[in-house]
Amino acid sequence: MELTLNRDAMRVELSGIRRFTYLVRDTPGACALTIGEPDMNTPDIIKEAAKASLDANDTHYPPGNGYPYALEAISRYEANAHGLKYGPEEILLTVGATQALFITLQTLCNPGDEVIIPTPAFGLYEALVQLCGAEPVFLPTEHNRFQIDPDQLRAALTERTKAVILTSPNNPTGCIYTKETLDAVHEILKDRPVFVICDDVYRTLVYEGEYHSFAEYQDMRDRIVVVNSFSKPYAMTGWRLGWCMADAPIRDRLQVFHQYCVTSVPSFVQRACVTALDSDTTPMAETFRHRRDYVYGRLTDIGLNVQKPEGAFYMFIPIAQYGMDSLTFCERMLREGLVGLIPGIYFNTEGYMRLSYCYGDQDLKEGLDRIQRFLSGLAVCA
Ligand code: PMP
């Protein structure tokens, strides 16, 4: 008897970032600079809103897309805070940005379609594209200051291209796309049957430069899906809450996958979402800006040629000069230097490692001291 499982489920591996994070956690005495979530706790006022909902027995099935009051609150917030006009009927509350991306790709892609992923990129995209039976097409950006090269994008497009995923600010580089880059992408895509998925989950963590989302190109709104999350701006990673926005005909199809997958997000967290949207995210952004400046200063002093990130809470550090692949390098640094960073290969880019500054000042100082000590014992290749 031969048992067969789904072909796509068999070709996708569990997340390399998670695996490496567990390796760091299980290394005695190691200092981790790996985690991709705010180290702060969810603000009390948000937790109180969820507790009040539970006490009011808001524990029954809610509407599939989210309570109307929650969708209206998101619609208002998007218009007021970010100038994006999506009505409640164009919004869907999801189980984190992860599920928003999952249902988006499932809704858009057929087997054999191609999805363009500028790299370095969060590993989730590759897996989700493959789980649709579609093909990821990687577009390297490390030779262009992590901006998309228009000629390269044009060359990557084929008859089978279904979508392009844009992440700004980016995980793992922290870079934001310039207006010039976005204009060029828009110019290339505006007359093509290609969707753009905007993963804007780090949008509230921008420290300098002018931030623009591709979602602003509303002449393409029939081909844009915007993905967002409560995880990062409000320190709510464990709540598993996000949302997506799309032109009504697409949103109506997204809800099919959503409904048959999870029915809805939980009922008693939705008031807390509204409370979160009303809260001020600037103190958290200021904390991260301060840490970014410290980490960037230290890495530059060490002699590492790191590009200063404009947003998110990561730095992508070049290590090609040490003549090792990124996994070997990070394994050695963990074993010998007792400090954990994520190998660049897990973001589809060799020659780099990702540092997260979601840690307090003491931990950052200790981690950077250890990186400095480890590097001082390594030879640099010519
Ligand atoms: N997109 C990016 C770029 C991310 O970095 C993450 C989380 N690390 C997600 C999406 C998923 O976020 P969520 O917790 O909302 O599922």
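Residues numbered from 1 in each chain as written. Predicted model: local features only at pLDDT ≥ 70, side-chain atom pairs only at ≥ 80, totals over all residues. Heavy atoms only, no water.

In this section: the packing of aromatic side chains. In the structure shown here, the tally under the stated rule is 17 aromatic pairs. Relative to Y125, the ring of F122 lies with its centre 6.0 Å away and its plane at 90°, an arrangement referred to as edge-to-face. Residue F122 is classed as partly exposed on the basis of its relative accessible area of 29%. The class for Y125 is buried, based on a relative accessible area of 2%. With centroids separated by 4.8 Å and ring planes inclined at 55°, the aromatic side chains of F230 and W243 adopt a geometry described as tilted. Residue F230 is found in the loop between β7 (224-229) and β8 (242-246), and its partner W243 is found in strand β8; the two are separated by 13 residues along the sequence. Residue class for F230 comes out buried when judged on its relative accessible area of 0%. Since its relative accessible area comes to 2%, W243 is described here as buried. Taken together, the ring pairs in this structure connect Y202, F288, F313, Y314 and Y357 into an aromatic cluster. The ring of Y86 has R221 sitting right over it, with the charged end atom 4.5 Å from the ring centre. When the ring centre of Y69 is taken as reference, the NZ or CZ atom of R271 above it lies at 3.7 Å. (Phe/Tyr/Trp six-rings, centres within 6.5 Å; stacked < 30°, edge-to-face > 60°. Buried < 20%, exposed > 50% of the residue type's maximum accessible area, 1.4 Å probe, protein only. Helix = DSSP H or I, 4+ residues; strand = E, 2+ residues; numbered from the N terminus. Lys NZ or Arg CZ within 6 Å of the ring centre and 35° of its normal.)

Grouped together as the largest cluster of nonpolar side chains are 75 residues, with contacts concentrated most on I317, F329, L341, L355, Y357 and I371. Ranked by the residues each element gives to this core, the list is headed by helix α5 (residues 96-108), at 6 residues. Residues L139, A215, M236 and A272 belong to the second largest nonpolar core, which totals 47 residues. (Core = buried A, V, L, I, M, F, W, Y, C linked by side-chain atoms within 4.5 Å.)

The next subject is the pairing of β8. The element β8 is largely enclosed, with a buried count of 5 among its 5 residues. Burial along β8 is two-sided: the residues G242, C244 and A246 and W243 and M245 are all buried. Where strand β2 (residues 91-94) lies against β8, 4 bridges are found, and the strand directions are antiparallel. Residue pairing across strands places T94 opposite G242, the latter belonging to β8. Bridge count for β7 against β8 is 5 bridges, and the pairing is antiparallel. Within β8, the residue paired with V227 across the bridge is C244. (Pairing = 2+ DSSP bridges.)

In this section: the packing of helix α2 (residues 16-25) against helix α12 (residues 326-337). Two elements in contact, α2 and α12, have axes whose closest approach is 11 Å; the angle formed by their N-to-C orientations is 20°. Classified by the interaxial angle, the pair formed by α2 and α12 is roughly parallel. Our pair here, α2 against α12, has a crossing hand that is right-handed. Along the contact surface, α2 presents F20, L23 and V24, while α12 presents L327, C330, E331 and L334. For the contact of α2 with α12, the residue count by class is 6 nonpolar, no polar and 1 charged. (Axes fitted to C-alpha atoms, helices over the stretch in contact; angles between N-to-C directions. Parallel < 35°, antiparallel > 145°, perpendicular 65-115°, else oblique. Left-handed = near helix turned anticlockwise from the far one by under 90°. Contact = heavy atoms within 4.5 Å. Nonpolar A, V, L, I, M, F, W, Y, C, P; charged D, E, K, R; others polar.)

Near the ligand, the surroundings consist of 14 residues, among which A97, T98, D199, Y202 and S229 are the closest. Here T98 contributes a side-chain N or O atom positioned 2.6 Å from an oxygen atom of the ligand. Burial of the ligand by the protein chains amounts to 93% of its free accessible area of 410 Å². No other element matches α5, which puts 3 residues into the shell around the ligand. Along the lines of polarity and charge, the residues of the shell around the ligand split into 5 nonpolar, 6 polar and 3 charged. (Near = heavy atom within 4 Å. Polar contact = N/O pair within 3.5 Å; in protein donor to acceptor, adjacent residues only side chain to side chain. Areas by Shrake-Rupley, 256 points an atom, 1.4 Å probe, with all protein chains shown as cover.)

With that settled, consider the environment of P150. One can find P150 in helix α7 (residues 150-156). For P150, a relative accessible area of 28% puts it in the partly exposed group. If we skip the residues at most four places from it in the chain, P150 touches A184 and I188.

Attention now goes to the pattern of salt bridges. Applying the stated rule across the entire model yields 25 salt bridges. Taking the shortest distance from any N to any O, the salt bridge between D44 and K47 comes out at 3.5 Å. With D44 and K47 both in helix α3 (residues 44-55) and 3 residues apart, the pair spans about one turn of that helix. Exposure remark for K47: the relative accessible area of 31% places this residue in the partly exposed category. Via salt bridges that share partners, R7, D8, R11 and E135 belong to a single interconnected network. (Salt bridge = Lys/Arg side-chain N within 4 Å of Asp/Glu carboxyl O.)

The element strand β6 (residues 195-199) is extensively covered by neighbouring structure, given that 5 of its 5 residues are classed as buried. Side-chain alternation along β6 places F195, I197 and D199 on one buried face and V196 and C198 on a second face that is also buried. Where strand β5 (residues 161-167) lies against β6, 5 bridges are found, and the strand directions are parallel. Looking at the pairing, T167 lines up with D199 of β6. Crossover handedness for the path β5 to helix α8 (residues 179-189) to β6: right-handed. Here 4 bridges tie β6 to β7, and the two strands are oriented parallel to one another. Looking at β7, one finds that C198 is bridged to V226. (Right-handed = clockwise from strand over helix to strand, strands pointing away.)

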